[in-house]
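Close look at the chain arrangement
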Amino acid sequence: MWFQKEIRLPAVKRGFHLITDLIMAQLPELEDVNVGLAHIFIKHTSASLTINEDADPTVRQDFESHFNHMVPENQSYYRHTLEGSDDMPAHLKAAILGASVTVPISKGEFNLGTWQGIYLCEHRNHASKRTIVVTLQGE
């Protein structure tokens with residue numbers, strides 16, 4: 001069985017946001033998969049996806065702080081600056097973290113670890129809604 005769906009995520013402020021429950025709420029088809037994979041892809045170049053700790057919100061704050069330190073704004077060597085000082089750093093952060101994650105499916109649910117969740121990593125100060133494509137494969 002193959003199934004694919006686009007999901008429009010609400011606009012969020014810059015930072016790392018858990019979207020696991022939001023995705024699952026938009027995917028009733030997940031219940032039909034006993035064993036399989038969910039491939040989740042973001043259709044943007046200035047936001048990314050990752051899987052990490054979902055229990056302690058300070059992890060998300062630390063991610064944002066670390067990536068802002070690692071990829072600072074307003075660097076003199078940036079040439080892509082027409083869309084604002086956060087734009088080129090957003091592209092770099094998205095390239096580092098990646099545009100997709102793959103999650104195993106078991107008995108109609110994401111088979112994530114006890115403390116794992118799917119993050120939307122929003123790297124722009126004033127981002128619009130984001131679109132993800134979820135592809136389910138399984139039986």
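Look up a bit, the structure's there.
The paragraphs below set out a description of the structure included in this document. Since the model is a prediction, treat every value here as computed from it, not as a measurement.

About the criteria used
- Residues numbered from 1 in each chain as written.
- Predicted model: local features only at pLDDT ≥ 70, side-chain atom pairs only at ≥ 80, totals over all residues.
- Heavy atoms only, no water.
- Core = buried A, V, L, I, M, F, W, Y, C linked by side-chain atoms within 4.5 Å.
- Buried < 20%, exposed > 50% of the residue type's maximum accessible area, 1.4 Å probe, protein only.
- Helix = DSSP H or I, 4+ residues; strand = E, 2+ residues; numbered from the N terminus.
- Contact = heavy atoms within 4.5 Å.

1. Thoughts on the nonpolar core
Formed by 21 residues in total, the largest nonpolar core has its most connected members in Ile23, Leu27, Ile40, Phe110, Ile118, Ile132 and Val134. Those elements that provide at least two residues to this core are strand S1 (2–9), strand S3 (35–42), strand S4 (47–53), strand S5 (100–106), strand S7 (116–122) and strand S8 (130–138). Excluding residues within four positions of it along the chain, Ile118 makes contact with His17, Leu18, Ile19, Thr20, Ile23, Ile40, Thr50, Ile51, Val101, Val103, Phe110 and Leu112. Phe16, Phe67, Leu97 and Tyr119 belong to the second-largest nonpolar core, a separate cluster that totals 7 residues.

2. Points about unusual backbone geometry
For Asn74, which is not glycine, the phi torsion reads 60 degrees and is therefore positive. Tracing the backbone through its elements, the reader meets Asn74 in the loop between helix H2 (57–70) and helix H3 (87–97). According to the relative accessible area criterion, Asn74 is exposed, its value standing at 61%. The phi dihedral of Lys107 falls on the positive side, at around 55 degrees, and the residue is not glycine. Here Lys107 lies in the loop between S5 and strand S6 (109–110). Taking relative accessible area as the criterion, Lys107 reaches 73% and is therefore assigned exposed.

By themselves these figures say nothing about function.
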